[in-house]
Amino acid sequence: MIMPAIDVINLLKGNVAPKIMISESISSPNSYEIIETKNIGKPDVLSKIVISDCQDVVVLDHDEIKGFDCRNFMIGSCFKGVFKTCDAIFIGVLDDEPYILIMDMKSVNLKNNENVKKMISGDLFIEFLNSFLLKYKDIFSFTEDILSWKRFYAIVHCNVQKRTTSFIPASTDCNNPGYIYLSDQGTIKIRKILGMPII
């Protein structure tokens, strides 16, 4: 029996540690503030962006998820810089279609190789989460395979050099994420990130 996507989201909301979840904005319903603490008070960088019109979603702070760093057990020099965390992972439903958005904020460095590592790291976490829930499906009453959900990858940036390029929405290829320009404290609709029609 296929598990409704909304049930998956509610399951996560009820079981994921609060410190891992990014809470819905108090002042703006259906919006989520992604904050880069180290950039607060600095000029010309992203310290906070707001993703709006999210509706049914759980948003995870990937930086707060510990224990999945390959550097803890892989010590070869070839693994240096392999593991990178992304800023946020959205697991949601939009127009009755489930989706996963792996997203990172960048202020200056837009080196594609570094960004791809962050997208892949988000992928690996989703694969682990799915496997974990399926292994313990009797405990969680989990009967869905979220790896079948459409996955999107996006870098939100404020790099002026990229400002004049065309808007590139989130991609479905982790090796080629979409690049979205947004000024600090800016707001963007989840639909625009995913390349969907704005309602």
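This report concerns the structure included in the present document. (Residues numbered from 1 in each chain as written. Predicted model: local features only at pLDDT ≥ 70, side-chain atom pairs only at ≥ 80, totals over all residues. Heavy atoms only, no water.)

## Considering the overall build of the protein chain
- Along its length, the protein chain carries four helices and eight strands.
- Shown N-terminal to C-terminal, the secondary structure of the protein chain runs as helices and strands in the order α-β-β-β-β-β-α-α-β-β-β-α.
- A total of 199 residues make up the protein chain; the buried ones form 47% of that total.
- Counting contacts in the protein chain only where the partners sit at least 6 residues apart, residues at least 24 apart contribute 64% of the total.
- Accessible surface for the protein chain amounts to roughly 10,800 Å². Of this, 54% is attributable to carbon and sulfur atoms. (Helix = DSSP H or I, 4+ residues; strand = E, 2+ residues; numbered from the N terminus. Buried < 20%, exposed > 50% of the residue type's maximum accessible area, 1.4 Å probe, protein only. Contact = heavy atoms within 4.5 Å. Areas by Shrake-Rupley, 256 points an atom, 1.4 Å probe, with all protein chains shown as cover.)

## Some details on the side chain of Glu-36
- On the secondary structure map, Glu-36 appears in the loop between strand E1 (32-35) and strand E2 (48-52).
- When sequence neighbours within four positions are dropped, the list of residues in contact with Glu-36 reads Leu-46, Ser-47, Asp-87 and Met-105.

## Focus on the pairing of strand E3 (residues 56-60)
- Among the five residues in E3, four count as buried, and that is most of the element.
- Two elements, E3 and strand E4 (residues 88-94), share five bridges in a ladder whose sense is antiparallel. Counterpart to Leu-60 in the pairing with E4 is Ile-89. (Pairing = 2+ DSSP bridges.)

## Some thoughts on the environment of Asp-173
- Position of Asp-173 among the secondary structure elements: in the loop between strand E6 (150-157) and strand E7 (178-181).
- Sequence separation between Asp-173 and Met-119 is 54 residues; the distance between their C-alpha atoms is 9.2 Å.
- A distance of 2.9 Å separates a polar side-chain atom of Asp-173 from the backbone nitrogen of Asn-175. (Polar contact = N/O pair within 3.5 Å; in protein donor to acceptor, adjacent residues only side chain to side chain.)

## Considerations on the sheet that holds strand E5 (residues 97-106)
- Pairing within the open sheet is mixed, and its five strands lie in the order E3-E4-E5-E6-E7. Lying at the two open borders of the sheet, with one neighbouring strand each, are E3 and E7. Going across the sheet, the axis of each strand differs from the next one's by a mean of 25°, ignoring polarity.
- Here four bridges tie E6 to E7, and the two strands are oriented parallel to one another. For Ala-154, the partnering residue across the bridge sits in E7 and is Gly-178.
- Packing of helix H1 (residues 5-15) onto the sheet brings it into contact with E3, E4 and E5, and relative to E3 it is tilted by some 40°.
- Contacts from helix H2 (residues 112-135) reach E3, E4, E5, E6 and E7 within the one sheet, and its direction differs from that of E5 by about 140°. (Axes fitted to C-alpha atoms, helices over the stretch in contact; angles between N-to-C directions.)

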